[in-house]
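# An overview of the molecular structure
Take a look at the letters that make up each chain.
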Amino acid sequence: MSAGDVRSDRKLLLIMGSITVLLVIGVCVLAPAAAKEDTRPTTYNVDSAGAKAAFLTLQGLGRDVQRWDRPTNEIDSVDAARTTLVLAEPMVDAHQTKVIAGELKTFLERGGRVLVAGGDGALLPGGETGAPSLFRKGLCETTPEGPGLLAAAGQLELSERAQWTAEGPQFRVEQRCGKDAVVVRYPVGNGEAVWWSSATPLSNSGLKTDANLKLLLASLYGDGGDGRTVLFDEYLHAEHETYSPTKGLPLVWLLVQVVVVFVLLVLSFSRRKGPLRLPVVLPRSSPLEFAESMGDLYAKAGATGAATAAAERRLLRMLQREAGVARATIDQGPQAVGEALEARLGGDWSRLVKHLSEAAAVAQTELAPRSALALVRALAEDEAEVRAALKPRAVELAGV
């Protein structure tokens with residue numbers, strides 16, 4: 001390599017390094033600032049106001065919990081008597097309130113359960129809410145009222161954003177902030193509606209207290225146990241946004257860096273040293289040659305017993321692992337195996353019993369190669385017949 005080539009390489013390296021440093025500085029200076037904390041109580045949000053912890057907690061408890069990404073007018077497609085719909089601070093226009101309230105009323109009358117956490121209480125049938133009577137900075141420590149299930153959760157930590165103002169004997173106030181009703185439940189048809197002043201108890205930060213978790217479980221399942229499907233509404237959040245793992249990333253600058261790196265790779269070069277050598281290719285025998293070689297070995301050794309014994313072991317192993325025949329039954333002999341298959345799968349398995357008996361007798365007698373081949377094929381056919389009989393059984397169990 002000449003001195004001129006060395007100087008040229010050093011110059012190219014300095015240019016590439018300078019471009020890389022400038023790009024890094026540009027990304028640091030011009031990249032957008034980190035997004036503000038997301039305050040929506042969605043099940044995708046991992047910030048303090050999000051509801052992802054509640055969603056994952058219910059999943060961890062083995063409950064049936066799902067996200068609902070469809071309009072409320074499609075809620076008729078679910079089994080209302082076994083479903084709870086959660087609306088955590090939904091974003092609803094004023095002209096949609098009555099429409100959604102009517103759809104929720106139909107769902108409740110069919111036996112559904114609805115939890116509205118925050119938002120306008122008018123979304124619930126007969127519901128009315130107003131501004132809190134007192135301005136409170138921070139969380140309110142509620143006072144349980146009455147013997148109700150939601151009051152039994154104990155003293156809550158809750159942000160009071162509204163108070164329940166509808167009056168009537170059907171409305172059961174379960175928790176209060178001062179004089180304001182902040183947790184209310186009441187029956188609607190065959191179902192029950194639950195309203196919270198805010199979504200704080202189910203938020204990632206609020207769920208850490210035992211009382212808030214108890215309130216969430218009691219509101220979702222009531223007195224009916226945990227056999228309900230919980231649907232967390234995601235459709236009524238602002239502009240129906242969905243979670244994107246790339247949100248907040250400086251994608252443009254990342255793309256610029258990728259393009260520059262690609263250009264650098266294209267412009268880069270290297271010099272080969274030494275002669276070219278062809279790659280070493282190891283010779284391999286074809287599968288047919290291997291099979292013929294193994295066949296010659298078996299023929300020279302007269303190992304017909306080994307071939308039939310291998311086929312017998314393969315069949316017995318399949319009967320034990322897939323057909324459920326106990327090992328003790330297999331040890332009792334072919335007749336016991338046949339009886340076990342008749343009891344489990346039905347049908348006539350006398351042919352399989354006959355072939356197993358012949359295979360067991362090979363250990364004491366020497367078979368001709370033609371007879372051994374016929375017996376090996378028969379055992380393979382028996383194995384295929386058992387698997388064919390197991391398929392309808394598997395479909396039946398899956399249906400159950």
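Scroll up for the structure.
Residues numbered from 1 in each chain as written. Predicted model: local features only at pLDDT ≥ 70, side-chain atom pairs only at ≥ 80, totals over all residues. Heavy atoms only, no water.

Turning next to the side chain of S203. Relative to the helices and strands, S203 resides in the loop between β11 (191–196) and α4 (210–221). Overall, S203 belongs to the buried group, its relative accessible area being 4%. For S203, the contacting residues outside a window of four places in its chain are S48, A49 and G50. (Helix = DSSP H or I, 4+ residues; strand = E, 2+ residues; numbered from the N terminus. Buried < 20%, exposed > 50% of the residue type's maximum accessible area, 1.4 Å probe, protein only. Contact = heavy atoms within 4.5 Å.)

On to unusual backbone geometry. Of note, the phi angle at E89 is positive, near 45°, even though the residue is not glycine. Inspection of the secondary structure assignment puts E89 in the loop between β2 (83–88) and α3 (94–109). You can call E89 buried: its relative accessible area is 17%.

Here we come to a nonpolar patch on the surface. A surface patch of nonpolar side chains, amounting to about 590 Å² of accessible area, comprises L255, V259, F262, V263, V266 and L267. Mapped onto the secondary structure, V263 falls in helix α5 (residues 251–267). On the basis of relative accessibility, which here comes to 40%, the residue V263 falls in the partly exposed class. (Patch = residues over 30% accessible without salt bridge, like charges linked within 9 Å, V, L, I, M, F, W, Y side chains within 5 Å. Areas by Shrake-Rupley, 256 points an atom, 1.4 Å probe, with all protein chains shown as cover. Salt bridge = Lys/Arg side-chain N within 4 Å of Asp/Glu carboxyl O.)

Our focus in this paragraph is the environment of A81. On the secondary structure map, A81 appears in the loop between β1 (64–68) and β2. Between the alpha carbons of A81 and G111 there is a distance of 4.3 Å; along the sequence they are 30 residues apart. Setting aside residues no more than four positions away along its own chain, A81 makes contact with R110, G111, G112 and R228.

In terms of burial, strand β3 (residues 113–117) is a largely internal element, five of the five residues being buried. Burial of the side chains of β3 extends over both faces: R113, L115 and A117 are buried on one face and V114 and V116 on the other. Taken together, the five bridges between β2 and β3 define a ladder with parallel strand orientation. By the bridge assignment for β3, L85 is matched with V114. With α3 bridging β2 and its parallel neighbour β3, the resulting β-α-β unit is right-handed. Where β3 and β11 come together, five bridges link them in parallel fashion. Bridging across to β11, V114 finds its partner in A193. (Pairing = 2+ DSSP bridges. Right-handed = clockwise from strand over helix to strand, strands pointing away.)

Where helix α2 (residues 52–60) contacts α4, the two axes come as close as 12 Å, and the packing angle between them is 70°. With respect to their mutual orientation, α2 and α4 come out roughly perpendicular. Here α2 runs over α4; the crossing is right-handed. Along its contact with α2, which presents A54, T57 and L58, the element α4 presents L213, L216, L217, L220 and Y221. (Axes fitted to C-alpha atoms, helices over the stretch in contact; angles between N-to-C directions. Parallel < 35°, antiparallel > 145°, perpendicular 65-115°, else oblique. Left-handed = near helix turned anticlockwise from the far one by under 90°.)

With that settled, consider α4. Here α4 spans 17 Å end to end across 12 residues, near enough to the 16 Å set by a 1.5 Å rise per residue. Every buried residue belonging to α4 is among A211, N212, L215, L216, A218, S219, L220 and Y221, and all of these are buried. Downstream of α4 by one or two residues, G222 has phi in the positive range, about 60°. (Expected span 1.5 Å × (residues − 1).)

Here we come to the sheet that holds β2. Strand order in the open sheet made by the eight strands is β1-β12-β2-β3-β11-β10-β9-β6, with mixed pairing throughout. Among the strands making up the open sheet, the edge pair consists of β1 and β6 (143–144). One ladder, built from five bridges, connects strand β9 (residues 172–177) with strand β10 (residues 180–188); its direction is antiparallel. In the strand pairing of β10, C177 is matched with D180. Each of β1 and β12 (229–233) is contacted by α2, which is oriented at about 145° to β1, the strand it contacts most. Where α4 meets the sheet, it contacts β2, β3, β10, β11 and β12, and its direction lies at approximately 140° from that of β3.

Taken as a whole, this structure holds one disulfide when the rule is applied. For C140, the disulfide goes to C177, at an S-S distance of 2.2 Å. Judged by the torsion about the S-S bond (-130°), the C140/C177 disulfide is left-handed. Linking C140 in strand β5 (residues 140–141) with C177 in strand β9, this pair joins segments that are 37 residues apart in sequence. Owing to a relative accessible area of 6%, C140 belongs among the buried residues under this scheme. (Disulfide = S-S within 2.5 Å.)

For the rest of this paragraph, the subject is the nonpolar core. Counting 30 residues, the largest nonpolar core has W196, L202 and L220 as its most contacted members. Among the secondary structure elements, those contributing two or more residues to this core are α2, β2, β3, β10, β11, α4 and β12. Here this core gets six residues from one element, more than from any other, and that element is α4. L202 has contacts with P41, G50, A51, A54, V86, A88, A117, W196, L207 and L216, leaving out every residue within four places of it along the chain. With 27 residues, the next largest nonpolar core counts F107, L108, A181 and L236 among its residues. (Core = buried A, V, L, I, M, F, W, Y, C linked by side-chain atoms within 4.5 Å.)

Taking 1.5 Å of rise per residue, 12 residues should cover 16 Å, and helix α9 (residues 334–345) covers 16 Å from first to last C-alpha, within 8% of that figure. Among the residues of α9, A336, V337, G338, L341 and L345 are the ones counted as buried. Phi turns positive, to about 75°, at G346, one or two residues after α9.

This part takes up a negative patch on the surface. On the surface, a cluster of negative charge is contributed by E339, E342, D348 and E385. Here D348 lies in the loop between α9 and α10 (350–361). (Lys, Arg positive; Asp, Glu negative; His and termini not counted. Charge placed at Lys NZ, Arg CZ, Asp CG, Glu CD.)

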